Amino acid sequence: MAHLFALRVYYEDTDLAGIVYYANYLKFIERARTEWVASLGIDQMALRASDGIVFAVRRVEADYLRPAKFADDLLVETVLQAATGARLVLEQTISRGGERLFQAVVTLVCLSETGAPARVPPQVRLRLLGQVH
């Protein structure tokens, strides 16, 4: 199941030519992941407090296909590709009016607060299993 997150490009997101600065695409997909997790009923702050775990980006493979520009309305699509005991792999795309502008494969890992690898808690894993593409 895909999660969709809409956003508008603000002036602060762009360079002098009005084109979205490349690092901001990573911010856009981060916002979308946060909203995706919340839509599943997972409270990341509560998870940290109760289980002492957090999710961290381990790897991003990004392709910049076309530029987004000031005032564009964008759509970020997030699809869970795989979930293992301690890792999630997501495909995220950014489009404008059906035209794909950016795509990434993002690997997240579950860590203890000390930074050691940890397993995804069972209650979180159950919510995610219904999302695997």
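Residues numbered from 1 in each chain as written. Predicted model: local features only at pLDDT ≥ 70, side-chain atom pairs only at ≥ 80, totals over all residues. Heavy atoms only, no water.

Asker: Give me the lowdown on the overall build of the protein, citing residues and values where you can.
Answerer: Each helix and strand in the protein was counted, giving three helices and five strands. Each helix and strand of the protein, ordered N terminal to C terminal, gives the series β-α-α-β-β-β-β-α. In terms of overall size, the protein behaves like a compact globule, its C-alpha atoms giving a radius of gyration of 16 Å where 133 residues would be expected to give roughly 14 Å. The C-alpha extent of the protein, read off along each of the three principal axes, is 45 × 30 × 25 Å. (Helix = DSSP H or I, 4+ residues; strand = E, 2+ residues; numbered from the N terminus. Rg over C-alpha atoms; globule rule 2.2 N^0.38 Å.)

Asker: Before we move on, could you go through the pairing of strand 1 (residues 3-8) and cite the residues and values that matter?
Answerer: Side chains of strand 1 alternate between two faces, with His-3, Phe-5 and Leu-7 buried and Leu-4, Ala-6 and Arg-8 left unburied. Inspection of the sheet shows strand 1 paired to strand 3 (residues 73-83) by six bridges, in the antiparallel sense. Bridge pairing in strand 3 places Leu-7 opposite Leu-74. (Buried < 20%, exposed > 50% of the residue type's maximum accessible area, 1.4 Å probe, protein only. Pairing = 2+ DSSP bridges.)

Asker: Provide a residue-level description of the nonpolar core, including the pertinent values.
Answerer: Among the nonpolar cores identified, the biggest contains 32 residues, and Leu-74, Ile-94 and Leu-128 are the most heavily contacted of them. Secondary structure elements with two or more residues in this core: strand 1, helix 1 (22-39), strand 3, strand 4 (87-96), strand 5 (99-112) and helix 3 (122-129). The residues contacting Leu-128, other than those within four sequence positions of it, are Trp-36, Leu-40, Leu-80, Leu-88 and Val-120. (Core = buried A, V, L, I, M, F, W, Y, C linked by side-chain atoms within 4.5 Å. Contact = heavy atoms within 4.5 Å.)

Asker: Please provide a residue-by-residue account of the sheet that holds strand 2 (residues 53-64), values included.
Answerer: If you walk across this open sheet you meet the five strands as 1-3-4-5-2, and the pairing is antiparallel. Among the strands making up the open sheet, the edge pair consists of strand 1 and strand 2. Strand-to-strand twist of the sheet, defined as the mean angle between neighbouring strand axes without regard to direction, takes the value 25°. Its contacts with the sheet place helix 1 against strand 1, strand 2, strand 3, strand 4 and strand 5, and it is angled at close to 135° to strand 1. (Axes fitted to C-alpha atoms, helices over the stretch in contact; angles between N-to-C directions.)

Asker: Outline the side chain of Ser-95, listing residues and values.
Answerer: Here Ser-95 is to be found in strand 4. Those residues in contact with Ser-95, other than ones at most four positions away along the chain, are Asp-73, Leu-74, Leu-75, Arg-100 and Leu-101.

Asker: Which residues make up the environment of Phe-102, and what are the values?
Answerer: If you trace the backbone, Phe-102 turns up in strand 5. Exposure remark for Phe-102: the relative accessible area of 0% places this residue in the buried category. Taking C-alpha positions, Phe-102 is 31 Å from Arg-48, a pair spaced 54 residues apart along the chain. Each residue touching Phe-102, except ones within four places of it in the same chain, is listed here: Tyr-25, Leu-26, Ile-29, Ala-62, Asp-63, Tyr-64, Leu-65, Gln-92, Thr-93 and Ile-94.

Asker: Could you give me a rundown of the pairing of strand 5, with the residues and numbers involved?
Answerer: Consecutive side chains of a regular strand alternate in pointing toward one face of the sheet and then the other. With respect to burial, strand 5 is a largely interior element, 10 of its 14 residues being buried. Direction of pairing for strand 2 relative to strand 5: antiparallel, over a ladder of 11 bridges. Within strand 5, the residue paired with Phe-55 across the bridge is Cys-110. Relative to strand 5, strand 4 is paired through 10 bridges, and the arrangement is antiparallel. Paired with Thr-93 across the two strands is Gln-103, which belongs to strand 5.

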